[in-house]
Number of protein chains: 2
Amino acid sequence: METSDIRFPTSMSLDGSDAMNLDPDYSAAYVRIRTDDPDELEGHGLVFTIGRGNEVQIAAIRAVEHHLLGRDVEELLSDMGATSQLMMTDSQLRWLGPEKGVMHMAIGAVVNALWDLRAKREGKPLWRVLSDLSPEEIVKLVDFRYLGNALTRDEALEILHRALPYRQSRVNELLTAGYPAYTTTPGWLGYDDAKLDRLAREAVAAGFRQIKLKVGASVDDDIRRLGIARAAVGSEVKIAIDANQRWEPQEAIDWVGRLAEFDIAWVEEPTSPDDVIGHAQIAEAISPIPVASGEHIHNRVMFKQFLQAQSLSVLQLDATRVGGVNENVAILLLAAKFGLRVRPHAGGVGLCELVQHLSMFDLVSVSGSSESRMIEYVDHLHEHFVDPVVIKDGQYIAPMMPGSGAEMYAHSRIAFSV
Amino acid sequence: METSDIRFPTSMSLDGSDAMNLDPDYSAAYVRIRTDDPDELEGHGLVFTIGRGNEVQIAAIRAVEHHLLGRDVEELLSDMGATSQLMMTDSQLRWLGPEKGVMHMAIGAVVNALWDLRAKREGKPLWRVLSDLSPEEIVKLVDFRYLGNALTRDEALEILHRALPYRQSRVNELLTAGYPAYTTTPGWLGYDDAKLDRLAREAVAAGFRQIKLKVGASVDDDIRRLGIARAAVGSEVKIAIDANQRWEPQEAIDWVGRLAEFDIAWVEEPTSPDDVIGHAQIAEAISPIPVASGEHIHNRVMFKQFLQAQSLSVLQLDATRVGGVNENVAILLLAAKFGLRVRPHAGGVGLCELVQHLSMFDLVSVSGSSESRMIEYVDHLHEHFVDPVVIKDGQYIAPMMPGSGAEMYAHSRIAFSV
């Protein structure tokens, strides 16, 4: 296992700036897993961070290395449920979470790196590897512990079996039409009005049917900026807003009330990502405006509760916040059970590249639908990836290169390593 | 700032073993803060871990050092609310939580080390430093963000003002009678029946009015062990049980039903510490047996919800799981608002030494009562501390030495550093 502490100086241009994150330096705690197989294939994974502390994330990744060193790669990759649990149930490491924060994300990156390796060895993109698994193989990936009062193994199997007859037609749909995207590129809080106006118009011209604006620092600024954005995109294109955890529940309700005239597609992260009850209060009060969250919801137990309490109506899967592909399969199954719209978070380094595989797997083998679903898109830092996302007419084009999308060019890794 | 990775090989004797933590090596990610003041006083703090990953916790502590280096110590210590926020609101570090896991505990250790330094400079034990603050100074320590729908600053002030006239009489009560303790020493899962029987009898002889048993691995073993313990302690002494997150909600309900005949004082950590809703289901079903949790509840927003949802009736404060003294003051205020019994977790290294200060502050200046409250006691590793806890007739004796209790002897730090 090799790790790299990779940091991009994005704070210089205020890309990624919002009401809570004023000056992020988009970073990756990056891991490469190598074997002694003559095929020389490597598994790559990462945790997205925003700068300081990336070295802590690296230390956490290193702390799981001993579970893999010297093990047989075929054995590890052929039972990814067991392999994931091997790391997740290390009781000494578990104390550092449990199943949350730095340690949990580290295990997620290693799990994802192993999936990357498996996909490369199978010569398929990850979405295809996952979609080709049988329902029985898929539920074997999932840790159902703590999910029993919301989703059982049998219910998950039923969902997967329901999708089975339509898999091929959905693959065809995906290969023909792609997967819907929306863009956050115009909306960073640090951009001035002229840049917002220009980028919003460019987004529409590029075929996007939705943009997203960061809000929450000043309600007067938000009203002005939403006015500019609405004028730029017209009445047909949707506008979501994102407060990045800035508000108290009551404050969120009041603030959103003042912005409602702009026809808001959803309100993202209105308050603490831990606050299931607070989100439920907001969701009830601002209905029918949907509440969205997910990029900081730390594991399947939290997602379960957000669904049980009707705290969300848009679920924003994140590829590197939870315990990797396996836990995200659990979350997709929970979303399918509760009938929730999944619209992944992807504002970061490599998050677009990674998360598209999960949404495409969801379309083919879980929910069976991309209707009213979409993946976030932000046009930063894709040039560093070997298989960068391709967006055409506001749609993600399905990746065909073997792997998970995580692999960064060696020259980029080296140039931006600290 | 100096850090030490301290690990005690407790797994060799199965001290601390339970249904989820089979072989803990009680460890401390330890921090010392020094100044250039000729008084040469140092602030000591720690995060309790159970072995592997302690080095990750150290890396996280190092990541906040830059916020303190070169700063004026008087200025930092005189406004601990602002100093705590300085670290908590570092947006790049916050991404690694937010406010949870490795990064949050690291900030907590540094906050606690600064409180240790402040108490030493004032020449008082920490409980006394906190208890002597005015209500207005106490609320300045608290970050009320995200608490608005449960506890406002004004409500907190009212609680503190209500306690004000009785502070001196409660100090006198504390100095005379001490603070009630219960013991977990007999109940580790790795101990055989004879050792359980012997230690349970010793606990009663030593004056303890409650013991705690680890359960959850096998219901038949639990029934047998509870029978031994009940026979050993008699009908007057209470027995709590601790499942350490082993169950699903329904499993907890069924399992506890089979143990109820033994007159259970409380059921601790029946399921995932993230599962507010699951705990509420259990609490309702097993009532009147109380549900307890806290050692893994990761911040004030989670505690708030456990109280709002009536998921707990025993709140187990932990000195090193959350963001330090400041966040624990918030949690004590929440408990007082909701009328909950606080019975801190202290099974670990230094946790008894640290958490007693919080309970004693609570008695004097917040809840104003030690009735039906008690602090966990475990008789491990106290010999390494400069001011070890003193238990007499089942009561914690109030510490009088200046500081927070965190300071370990240099020879112990050195001998057990890796």
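Residues numbered from 1 in each chain as written. Chains lettered and ligands numbered in written order. Predicted model: local features only at pLDDT ≥ 70, side-chain atom pairs only at ≥ 80, totals over all residues. Heavy atoms only, no water.

**Observations concerning helix 16 (residues 351-366) of chain B**
All names here are of chain B.
Part 1 of the reasoning: Over its 16 residues, helix 16 runs 21 Å from end to end, which matches the ideal 22 Å to within 8%, given 1.5 Å per residue.
Part 2 of the reasoning: The buried fraction of helix 16 amounts to 16 of the 16 residues, a majority that puts the element mostly inside the structure.
Part 3 of the reasoning: Remark: Gly 368 follows helix 16 within two positions and exhibits a positive phi of approximately 75°. (Helix = DSSP H or I, 4+ residues; strand = E, 2+ residues; numbered from the N terminus. Expected span 1.5 Å × (residues − 1). Buried < 20%, exposed > 50% of the residue type's maximum accessible area, 1.4 Å probe, protein only.)

**Details of the UniProt feature "domain: Mandelate racemase/muconate lactonizing enzyme C-terminal" (unreviewed entry) in chain A**
Part 1 of the reasoning: UniProt marks residues 193-289 of chain A with the feature "domain: Mandelate racemase/muconate lactonizing enzyme C-terminal" (unreviewed entry), using the numbering shown here.
Part 2 of the reasoning: With 52% helix and 15% strand, the stretch residues 193-289 of chain A has end C-alpha atoms that lie 25 Å from each other. (UniProt positions renumbered as here; feature names shortened; annotations may be inferred.)

**Section: the nonpolar core**
Part 1 of the reasoning: By size, the foremost hydrophobic cluster in this structure holds 281 residues, and its most contacted members are A:Trp115, A:Tyr396, B:Trp115 and B:Tyr396.
Part 2 of the reasoning: Residues within four places of A:Trp115 in sequence aside, it is in contact with A:Met80, A:Leu126, A:Val129, A:Leu130, A:Leu133, A:Leu141, A:Val325 and A:Asn326. (Core = buried A, V, L, I, M, F, W, Y, C linked by side-chain atoms within 4.5 Å. Contact = heavy atoms within 4.5 Å.)

**Examining the sheet that holds strand 2 (residues 27-34) of chain A**
Residues and elements named next belong to chain A.
Part 1 of the reasoning: Strand order in the open sheet formed by three strands is 1-2-3, and the pairing between neighbours is antiparallel. Of all strands in the sheet, those bounded by a partner on one side alone are strand 1 (2-7) and strand 3 (42-49). When strand polarity is set aside, the average angle formed by the axes of neighbouring strands in this sheet is 20°.
Part 2 of the reasoning: Relative to strand 2, strand 1 runs antiparallel, the two sharing six bridges. In the sheet register, Asp 5 faces strand 2, and the bridge partner there is Ala 29.
Part 3 of the reasoning: Together, strand 2 and strand 3 form the strand contacts of helix 5 (residues 101-122), whose direction differs from that of strand 3 by roughly 145°. (Pairing = 2+ DSSP bridges. Axes fitted to C-alpha atoms, helices over the stretch in contact; angles between N-to-C directions.)

**Here's the deal with the sheet that holds strand 3 (residues 42-49) of chain B**
Residue and element names in this part refer to chain B.
Part 1 of the reasoning: What the three strands build is an open sheet, ordered 1-2-3; its pairing is antiparallel. Edge positions in the open sheet fall to strand 1 (2-7) and strand 3, since each of these has one partner strand only. Pairwise comparison of adjacent strand axes, ignoring direction, gives a mean angle of 20° for this sheet.
Part 2 of the reasoning: Strands in contact with helix 5 (residues 101-122) are strand 2 (27-34) and strand 3; relative to strand 3, the strand with the most contacts, it is inclined by about 145°.

**Structural notes on the interface of chain A and chain B**
Part 1 of the reasoning: With 65 residues of chain A at the contact, the number on the chain B side is 65 residues.
Part 2 of the reasoning: Carbon and sulfur atoms supply 53% of the area buried between chain A and chain B, which totals about 5200 Å² over both sides.
Part 3 of the reasoning: Broken down residue by residue, the surface that chain A buries against chain B is led by A:Arg52, A:Gln92 and A:Trp95, which jointly contribute 18%.
Part 4 of the reasoning: On inspection of chain A and its partner chain B, the count reaches six salt bridges.
Part 5 of the reasoning: Inspection of the chain A/chain B interface yields 38 residue pairs in polar contact (both at pLDDT 80 or more).
Part 6 of the reasoning: Listing elements by their share of the side of chain A that touches chain B, those giving two or more residues are strand 3, helix 1 (54-62), helix 4 (91-94), helix 5, helix 13 (276-286) and helix 14 (300-308) of chain A. (Buried area = accessible area lost by both parts, 1.4 Å probe. Salt bridge = Lys/Arg side-chain N within 4 Å of Asp/Glu carboxyl O. Polar contact = N/O pair within 3.5 Å; in protein donor to acceptor, adjacent residues only side chain to side chain.)

**A look at the relation of the copies chain A and chain B**
Part 1 of the reasoning: Once chain A has been moved 0.0 Å along the axis and rotated by 180°, it coincides with chain B to within an RMSD of 0.0 Å. The transformation just described matches what one would write down for a two-fold rotation axis. No C-alpha of chain A approaches the rotation axis more nearly than that of A:Gly101, which lies at 2.4 Å.
Part 2 of the reasoning: Most of the interface of chain A is mirrored in chain B, where 100% of its interface residues are also at the interface. (Least-squares fit on C-alpha atoms with pLDDT ≥ 70 in both.)

**Overview of the pairing of strand 4 (residues 179-187) of chain A**
Residues and elements named next belong to chain A.
Part 1 of the reasoning: For strand 4, a buried count of nine out of nine residues is recorded, marking the element as mostly surrounded by other parts of the structure.
Part 2 of the reasoning: Where strand 4 and strand 5 (residues 210-214) come together, two bridges link them in parallel fashion. For Thr 183, the partnering residue across the bridge sits in strand 5 and is Ile 211.
Part 3 of the reasoning: Chirality of the crossover, the property in question, places the unit of strand 4, helix 10 (residues 193-205) and strand 5 among those that are right-handed. (Right-handed = clockwise from strand over helix to strand, strands pointing away.)

**Focus on the environment of A:Leu340**
Part 1 of the reasoning: Tracing the sequence through the fold places A:Leu340 in the loop between helix 15 (325-338) and strand 10 (341-342).
Part 2 of the reasoning: For A:Leu340 and A:Gly97, which are 243 residues apart along the polypeptide, the C-alpha to C-alpha distance reads 27 Å.

**Some words on the domain arrangement of chain A**
Interfaces are often sized by the amount of accessible area the parts lose when they come together.
All names here are of chain A.
Part 1 of the reasoning: Taken domain by domain, chain A consists of domain 1 (2-123) and domain 2 (166-416).
Part 2 of the reasoning: For domain 1 and domain 2, the distance between their C-alpha centres works out to 22 Å.
Part 3 of the reasoning: For the pair domain 1 and domain 2, the summed buried surface comes to about 3400 Å²; carbon and sulfur atoms form 60% of the total.
Part 4 of the reasoning: Seen at the junction of domain 1 and domain 2, the total is two salt bridges. (Domains from an automatic or database assignment.)

**What to know about the environment of A:Met302**
Part 1 of the reasoning: Looking at the element boundaries, A:Met302 is found in helix 14.
Part 2 of the reasoning: The class for A:Met302 is buried, based on a relative accessible area of 1%.
Part 3 of the reasoning: Put simply, A:Met302 and A:Ile331 are 29 residues apart on the chain and 9.9 Å apart in space, counted from C-alpha to C-alpha.
Part 4 of the reasoning: Not counting chain neighbours up to four residues away, the residues in contact with A:Met302 comprise A:Pro273, A:Asp274, A:Val276, A:Ile297, B:Asp274 and B:Met302.

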